[in-house]
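Below are the chains, spelled out letter by letter.
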There are 2 protein chains.
Amino acid sequence: MLSSPITLLLNWHVTTYHAPILLAKTMGFFEAEGLDLAILEPSDPSDVTKIVGTRGVNLALKALVHCFAARERGYPVKAVATVFDEPPSGVISTSEQAIKSVVDLAGKRIGYVGEFGKYMLNDLAMRHNLDQGSYEAIRVGMHGINALASGRVDAFMGINCIQGLELEHCAGSAHMLRIDEIADLGCCCFCSIALIAHDDFIVEQPDAVRAVCRALQRGMHYTVDNPHEALEHLKIHWPRLNTPHFSKSFFCSLPYFSRHLENVSRDWAKVASYALRLGICQNTDLADLYTNEFLVSSSASCNITTRGAL
Amino acid sequence: MLSSPITLLLNWHVTTYHAPILLAKTMGFFEAEGLDLAILEPSDPSDVTKIVGTRGVNLALKALVHCFAARERGYPVKAVATVFDEPPSGVISTSEQAIKSVVDLAGKRIGYVGEFGKYMLNDLAMRHNLDQGSYEAIRVGMHGINALASGRVDAFMGINCIQGLELEHCAGSAHMLRIDEIADLGCCCFCSIALIAHDDFIVEQPDAVRAVCRALQRGMHYTVDNPHEALEHLKIHWPRLNTPHFSKSFFCSLPYFSRHLENVSRDWAKVASYALRLGICQNTDLADLYTNEFLVSSSASCNITTRGAL
């Protein structure tokens, strides 16, 4: 019998923060680990949790806040790495019609991706004494920018270095109201992107999980240490990324790539409190939610480079 | 011979992010650990590193970025905890004369605290192709707000939930240009506040270090879990904090208090790269720079509470 490739389902169509993963693929880092790894893209990001949670794929990416929802719904998944740290995210609008504070939401139609964006908006409104009936939350999936362009929404929720730049590119300028600042979160870690796997896959193929993490770490190191070379490589092997907009977004995203893929316990604890507050989960036991045991730990000084971003 | 109290030198005159420390003092948490701990305030924050680095005091607070400078200058100090995580910081100005991007620095006089603020400004200018001669950096110590009020500077560097609110309080509104966003840092961890000690003190009195950390953790837990009670207690025992401005700043600072005082390796690595880039240090070996060995580690789920500010 032929062996199946290991499947890794992205959380979004291919975008900037997937760069180190794409690079690890086309530079043969997975292959060098003896892995046949297939990268898949979702057409609806809301499908991802249930697919990996029912073993439709081996691995997937998902924001930290979704990992709590996954466990709550009975999907036995666990984060084995964090690939993208704390990207600033919030309510994105054009600079002309800028939403600069929670009260500006009144009378507006706000696009959100899948499910929890609406919870976040309602939480913001509640914390700032804004009537939840005074704005409209509209589910737009991956199409926030189109929904704005077509006039279906007045603003949409997204990540600054991805959708914020996208809007700037289309509309000339953009404004973002950072959710971490107005929701008293301390940082944007609820939006950090984790690599998650089904518990059974982890138990059955721990060596494969370890090998995937090693290859990804290699992709991260290469990307952060050699951003220009990494970008050129990506543009050749993923032609649809060969746009000025992607290049700009790539460089803006560099500070958030996680070199060692470490799950930061402080961040998980913060997101747990947030998820609890949003009503996304009841159980905030973190013990089974993430692990760093599959990562190559390095002496801290190896983190340092004189090149790359930061 | 009478025993000496353990001295803890703050990094600044008493301000919001010292709340859990003050609370641990007046609620007797240090005493309960058998400690006689004295809290000292500096008149010039630039003195702190050399005082603790020459054993003038036992313990001190200092931002992460200064810890690299301390080692570089031969002061054998080590961070034994991080007490305040990633407070958003940047260039603070009035909303009327808002500095909204690096180019707006041109023609302006910018106040900075002690030494490295100037390096940060120059780094921002270089990264954004702004001539370093086009703005003036003026050392203002702890007096940024007065320097602005007296017209000596047009803006000053500070933390949003402290000096940003202070300016808002005085001038009606304030604007901050976040340094992490424009310097590609990924987060404001360079401004996180660490508890540092001389290596010899750590070797001679490890139990005292451990006891101080335990008492501080208790102060943190109390503050985050019972912010209203904590504030009332502080207002009674530190009457000069009994102002509407302090209360506002206290609640805005809650998300940044570190419940478990953990040094986050990711953050230290990021700040190491930044310090290297700024020319603050040559040596980025993190091995001797911080340790978590004196902290009570807790199961991650203990981080969670349904009360407090996330």
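Structure report, in brief. (Residues numbered from 1 in each chain as written. Chains lettered and ligands numbered in written order. Predicted model: local features only at pLDDT ≥ 70, side-chain atom pairs only at ≥ 80, totals over all residues. Heavy atoms only, no water.)

### Looking at empty space enclosed by the protein
Just so we agree on the cut-off: Cavity: a set of points on a 1 Å grid over the protein atoms alone where a 1.4 Å probe fits but cannot get out. Pocket: an open set with protein on both sides within 12 Å along at least five of seven lines, its lining residues, like those of a cavity, having an atom within 4 Å of a point. Grid points are joined across faces, edges and corners, and a volume is the space filled by probe spheres set on the points. Side-chain classes follow a simple rule in which Ala, Val, Leu, Ile, Met, Phe, Trp, Tyr, Cys and Pro form the nonpolar group, Asp, Glu, Lys and Arg form the charged group, and the remainder, Gly included, forms the polar group.
Taken as a whole and assessed by the stated rule, the structure comprises two cavities of 30 Å³ or more. Quantified by volume, the largest cavity comes out at close to 80 Å³. Lining the largest cavity we find 15 residues, and of these E86, R178 and D180 of chain A together with E86 and R178 of chain B sit closest to its centre. Tallied by class, the residues present in the lining of the largest cavity amount to seven nonpolar, two polar and six charged. In this structure, the second largest cavity spans a volume of roughly 40 Å³.

### A few points about the sheet that holds strand β7 (residues 136-139) of chain A
All names here are of chain A. Definition in use: Strand pairing follows a simple DSSP-based rule, namely that at least 2 bridges must link the two strands. Going along the chain from the N terminus, every DSSP run of H or I of four or more residues is numbered as a helix, and every run of E of two or more is numbered as a strand. A fitted line through C-alpha atoms serves as each axis, taken over the contacting stretch for helices, and the angle formed by two N-to-C directions is quoted from 0 to 180°. Contacts are residue-level and defined by heavy atoms, with any inter-residue pair within 4.5 Å sufficient.
Within the open sheet, the five strands sit side by side as β7-β6-β8-β5-β9. Their pairing is mixed. Looking at strand neighbours, the two that pair on one side only are β7 and β9 (175-178), the edges of this open sheet. Mean inter-strand twist for the sheet, computed between neighbouring axes without regard to direction, equals 35°. By the bridge criterion, four bridges tie strand β5 (residues 89-93) to strand β8 (residues 155-159) in an arrangement that is antiparallel. Looking at the pairing, I92 lines up with F156 of β8. The strands that helix α7 (residues 160-171) touches are β5, β8 and β9; relative to β8, the one it contacts most, it runs at about 140°.

### Digging into the packing of aromatic side chains
Here is the rule: Under the pairing criterion, centres of Phe, Tyr and Trp rings, with the six-membered ring standing for Trp, must be within 6.5 Å; the plane angle then separates stacked pairs below 30 degrees from edge-to-face pairs above 60, leaving the rest tilted. With a 1.4 Å probe rolled over the protein chains alone, any residue whose accessible area is under 20% of its type maximum counts as buried; one over 50% counts as exposed, and the rest are partly exposed.
In total, this model carries 20 aromatic pairs over all chains according to the counting rule given. Consider the rings of Y17 of chain B and F84 of chain B, whose centres lie 5.0 Å apart with planes at 35°: the pair is tilted. Taken as a pair, Y17 of chain B in the loop between β1 (6-9) and α1 (19-26) and F84 of chain B in strand β4 (residues 77-84) lie far apart in primary sequence, 67 residues in all. Each member of the pair, Y17 of chain B as well as F84 of chain B, is classed as buried. Linked through ring pairs, Y17, F84, F246, F250, F251, Y256 and F257 of chain A together constitute an aromatic cluster.

### Remarks on the pairing of strand β3 (residues 59-63) of chain B
Residue and element names in this part refer to chain B. Most of β3 is tucked away: five of the five residues are buried. The alternating pattern of β3 places L59, L61 and A63 and A60 and K62 on opposite faces, both of which are buried. Of the strand pairs in this sheet, β1 and β3 are connected by two bridges, and their pairing is parallel. If you follow L9 over to β3, its bridge partner there is A60. Looking at chain direction, β3 and strand β10 (residues 193-198) are connected through five bridges and run antiparallel. Across the sheet, the residue bridging to K62 is A194, located in β10.

### Remarks on the environment of K270 of chain B
Rule in force here: Counted as a polar contact is a pair of N or O atoms within 3.5 Å, where, for protein atoms, one must be capable of donating a hydrogen and the other of accepting one, and residues adjacent in sequence contribute only when both atoms are in side chains.
Locating K270 of chain B in the fold gives a position in helix α13 (residues 265-278). Along the primary structure K270 of chain B and A19 of chain B are separated by 251 residues, whereas in three dimensions their C-alpha atoms are 27 Å apart. Polar contacts involving the side chain of K270 of chain B include one to the main-chain carbonyl oxygen of P255 of chain A, which spans 3.3 Å.

### Structural notes on α1 of chain B
Side chains that are three or four residues apart share a direction in an α-helix, a result of its 3.6 residues per turn. Of all the eight residues making up α1 of chain B, six are buried; the element is thus mostly covered by neighbouring parts of the structure. At the C-terminal side of α1 of chain B, G28 of chain B shows a positive phi close to 80°.

### A closer look at the sheet that holds strand β5 (residues 89-93) of chain B
Residues and elements named next belong to chain B. Judged by pairing direction, the sheet is mixed, and its five strands sit side by side in the order β7-β6-β8-β5-β9 without closing on themselves. Strands with a single pairing partner mark the edges of an open sheet, and in this sheet they are β7 (136-139) and β9 (175-178). The sheet shows a mean angle of 35° between the axes of neighbouring strands, direction not considered. Of the strand pairs in this sheet, strand β6 (residues 109-112) and strand β8 (residues 155-159) are connected by two bridges, and their pairing is parallel. Opposite G111, over in β8, you have F156 as the bridge partner. Strands β5, β8 and β9 of the sheet are contacted by helix α7 (residues 160-171), whose axis makes an angle of about 140° with β8.

### Description of the environment of K25 of chain A
Residue and element names in this part refer to chain A. Position of K25 among the secondary structure elements: in helix α1 (residues 19-26). Using a relative accessible area of 34% as the deciding quantity, one classes K25 as partly exposed. Taking C-alpha positions, K25 is 8.3 Å from I39, a pair spaced 14 residues apart along the chain. Apart from residues no more than four positions distant in its own chain, K25 is found in contact with F30, L37, A38 and I39.

### Observations concerning α7 of chain B
Residues and elements named next belong to chain B. Selection criterion: Each residue after the first adds 1.5 Å to the expected span of a helix.
Between its terminal C-alpha atoms α7 stretches only 14 Å, short of the 16 Å expected from twelve residues at 1.5 Å a residue. All of the buried residues along α7 are C161, I162, Q163, G164, L165 and L167. Where the residues of α7 are buried, they touch β4, β5, α6 (144-149), β8 and α12 (244-253). Just downstream of α7, G172 is the residue with a positive phi angle, here 95°.

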